[in-house]
Amino acid sequence: NAGVMQNPRHLVRRRGQEARLRCSPMKGHSHVYWYRQLPEEGLKFMVYLQKENIIDESGMPKERFSAEFPKEGPSILRIQQVVRGDSAAYFCASSPRSGEGYTFGSGTRLTVV
Amino acid sequence: GQQVMQIPQYQHVQEGEDFTTYCNSSTTLSNIQWYKQRPGGHPVFLIQLVKSGEVKKQKRLTFQFGEAKKNSSLHITATQTTDVGTYFCAGPSGGYQKVTFGTGTKLQVIP
């Protein structure tokens, strides 16, 4: 079982470019969550998705950020027109059912220059 | 919204000493989860507690869920350098059961 796969591990973008972060959940897990972590800080919830549905996006900025989890393929977190403040580690997690412990991916470290 | 606070924020201990981190939620929780994140790594699920007053042990780690289901603690006996990392508690919030993470306790173990 390959676990939660995130790519890329590191991503450098210039201000104004787009960042696309990918996450493949564990086999058998239909619940996907995205969290953001600034250096030396905690994990901030962004969005909760199931296949083809956004369940809760209350933690996601209204502008420039979007997420999807299509029927086929990985979940994508998309950040348009990145700014320096978007630099952070973005973690994806999955679980087999709501309310159960999460399995996290290794994260994508985004640096905006 | 729900807030989950942990104390202390940082803790330095000598190897072999005990360590405890405390977690307090502003709301009653249906369950509490604990995670460990090594420096530069990703959070790893440790355990989930569900029942009021529940106590669970994993080797040198003891987890406790408060009677009112609003607080929890993690106690490590005789710390080792492999225990270094940040420990997060987390509880479900909102109608859809997403998890809100606590502020974390960063543990440093001095050999």
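Right, let's walk through the structure included here. (Residues numbered from 1 in each chain as written. Chains lettered and ligands numbered in written order. Predicted model: local features only at pLDDT ≥ 70, side-chain atom pairs only at ≥ 80, totals over all residues. Heavy atoms only, no water.)

1. Observations concerning the overall build of chain B
Phase 1: When its secondary structure is counted, chain B shows zero helices and eleven strands.
Phase 2: Listing the helices and strands of chain B from first to last along the sequence gives β-β-β-β-β-β-β-β-β-β-β.
Phase 3: Its C-alpha atoms give chain B a radius of gyration of 13 Å, within 12% of the compact-globule value 13 Å for 111 residues.
Phase 4: Dimensions of chain B along its principal axes, counting C-alpha atoms only, are 45 × 30 × 20 Å. (Helix = DSSP H or I, 4+ residues; strand = E, 2+ residues; numbered from the N terminus. Rg over C-alpha atoms; globule rule 2.2 N^0.38 Å.)

2. As for the packing of aromatic side chains
Residues and elements named next belong to chain A.
Phase 1: Under the counting rule described, the total for this entry stands at 15 aromatic pairs over all chains.
Phase 2: Judged by centre distance (4.6 Å) and plane angle (25°), the ring pair of Tyr33 and Tyr48 falls under stacked. One end of the pair, Tyr33, is in strand S4 (residues 31–37); the other, Tyr48, is in strand S5 (residues 43–50), with 15 residues separating them in the sequence.
Phase 3: Overall, Tyr33 belongs to the buried group, its relative accessible area being 0%.
Phase 4: Judged by centre distance (6.2 Å) and plane angle (55°), the ring pair of Tyr35 and Tyr102 falls under tilted. Of the two residues, Tyr35 sits in strand S4 while Tyr102 sits in the loop between strand S9 (88–95) and strand S10 (103–104), which places them 67 residues apart along the sequence. (Phe/Tyr/Trp six-rings, centres within 6.5 Å; stacked < 30°, edge-to-face > 60°. Buried < 20%, exposed > 50% of the residue type's maximum accessible area, 1.4 Å probe, protein only.)

3. Quick word on the interface of chain B and chain A
Phase 1: At the junction of the two partners, chain B supplies 17 residues and chain A supplies 21 residues.
Phase 2: Summing both partners gives a buried area of about 1,600 Å² for chain B against chain A, and 52% of it is carried by carbon and sulfur.
Phase 3: Notably, a salt bridge pairs Asp56(A) with Lys98(B), separated by 3.1 Å at the nearest N-O pair.
Phase 4: Between chain B and chain A we count seven residue pairs in polar contact (both at pLDDT 80 or more) in total.
Phase 5: Those elements giving two or more residues to the side of chain B that touches chain A turn out to be strand S4 (32–37), strand S5 (43–49) and strand S10 (98–101) of chain B.
Phase 6: Looking at the side of chain B that touches chain A residue by residue, the classes come out as seven nonpolar, eight polar and two charged. (Contact = heavy atoms within 4.5 Å. Buried area = accessible area lost by both parts, 1.4 Å probe. Salt bridge = Lys/Arg side-chain N within 4 Å of Asp/Glu carboxyl O. Polar contact = N/O pair within 3.5 Å; in protein donor to acceptor, adjacent residues only side chain to side chain. Nonpolar A, V, L, I, M, F, W, Y, C, P; charged D, E, K, R; others polar.)

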